[in-house]
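So you can see what is in the structure, the chains are spelled out below.
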Amino acid sequence: MQKRLEQLERGEALEARDINALLNDEQKQRLMKAWSEQQALRKKHKPPKTEEEQKKIGWKTIRDVRIEIYKQAIAETETNLLDGYKAELKRLEVKKARVFMDAVSLAGKEGKNMLSAGNIALARAGFGATHSSVNQRDREINAMEDALRKQLEEQASDEEKEQLAILREHEKALEKRKK
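Cut-off values and rules
- Residues numbered from 1 in each chain as written.
- Predicted model: local features only at pLDDT ≥ 70, side-chain atom pairs only at ≥ 80, totals over all residues.
- Heavy atoms only, no water.
- Salt bridge = Lys/Arg side-chain N within 4 Å of Asp/Glu carboxyl O.
- Helix = DSSP H or I, 4+ residues; strand = E, 2+ residues; numbered from the N terminus.
- Buried < 20%, exposed > 50% of the residue type's maximum accessible area, 1.4 Å probe, protein only.
- Core = buried A, V, L, I, M, F, W, Y, C linked by side-chain atoms within 4.5 Å.
- Contact = heavy atoms within 4.5 Å.

Let us look at the pattern of salt bridges. Think of it this way: side chains of opposite charge can pair up when their charged atoms draw near. Taken as a whole and judged by the stated rule, the model has 7 salt bridges. Linking Glu76 and Arg30 is a salt bridge whose minimum nitrogen-to-oxygen distance equals 2.6 Å. Taken as a pair, Glu76 in helix 5 (residues 62–110) and Arg30 in helix 3 (residues 25–44) lie far apart in primary sequence, 46 residues in all. Lys60 serves as the salt-bridge partner of Glu68, at 2.4 Å between the closest nitrogen and oxygen. Taking the relative accessible area as the measure of exposure, Glu68 reaches 31% and is therefore partly exposed. Each member of the salt-bridge network shares a partner with another, and the members are Glu26, Arg30 and Glu76.

Right, dumping it as structure tokens:
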């Protein structure tokens, strides 16, 4: 549509079928009505000689009428696209919530981890799991915890360091089993 509008504004000659091809029925009717009004205006008045006279009586060429209708059509399309996009987002959010809640309620009845079951169901449905966002404060707290852990490990006795090493080996072994 934008391309056709630019062509009209440049003054290029376009076929009527090219102009009408991109308009819906309502827009075509508005175009025909606007041109009919111009034809009625032409029967009442002689062609104006200056642009001031044209503006005063509302005289427009067929090109001007088409440009006006195309601009309206583009504005409508943009509005409809945004509304359609919002409606689609809402529909997907509802579907995503339904998938998540169904899995959570089923997991709750079976005594399983509900959050994990909900995220797995979302991933299977193609939505991906919900991830918690980590903000600046969370990153700072995690950094402080890591620094404290490191400091405590440095201050630990030999026996505590040995126990910590055993614990880490045990956690690695558990991770291998899960895979």
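Moving on, we get to the nonpolar core. Counting 13 residues, the largest nonpolar core has Leu8, Ile19, Leu23, Leu31 and Tyr70 as its most contacted members. When contributions to this core are tallied by element, the ones reaching two or more residues are helix 1 (2–10), helix 3 and helix 5. Here this core gets 6 residues from one element, more than from any other, and that element is helix 5. Non-local contacts of Leu31, meaning those with residues more than four positions away in its chain, are made with Ile19, Asn20, Leu23, Val65, Arg66 and Ile69.

Any functional reading would require information that these geometric values do not contain.
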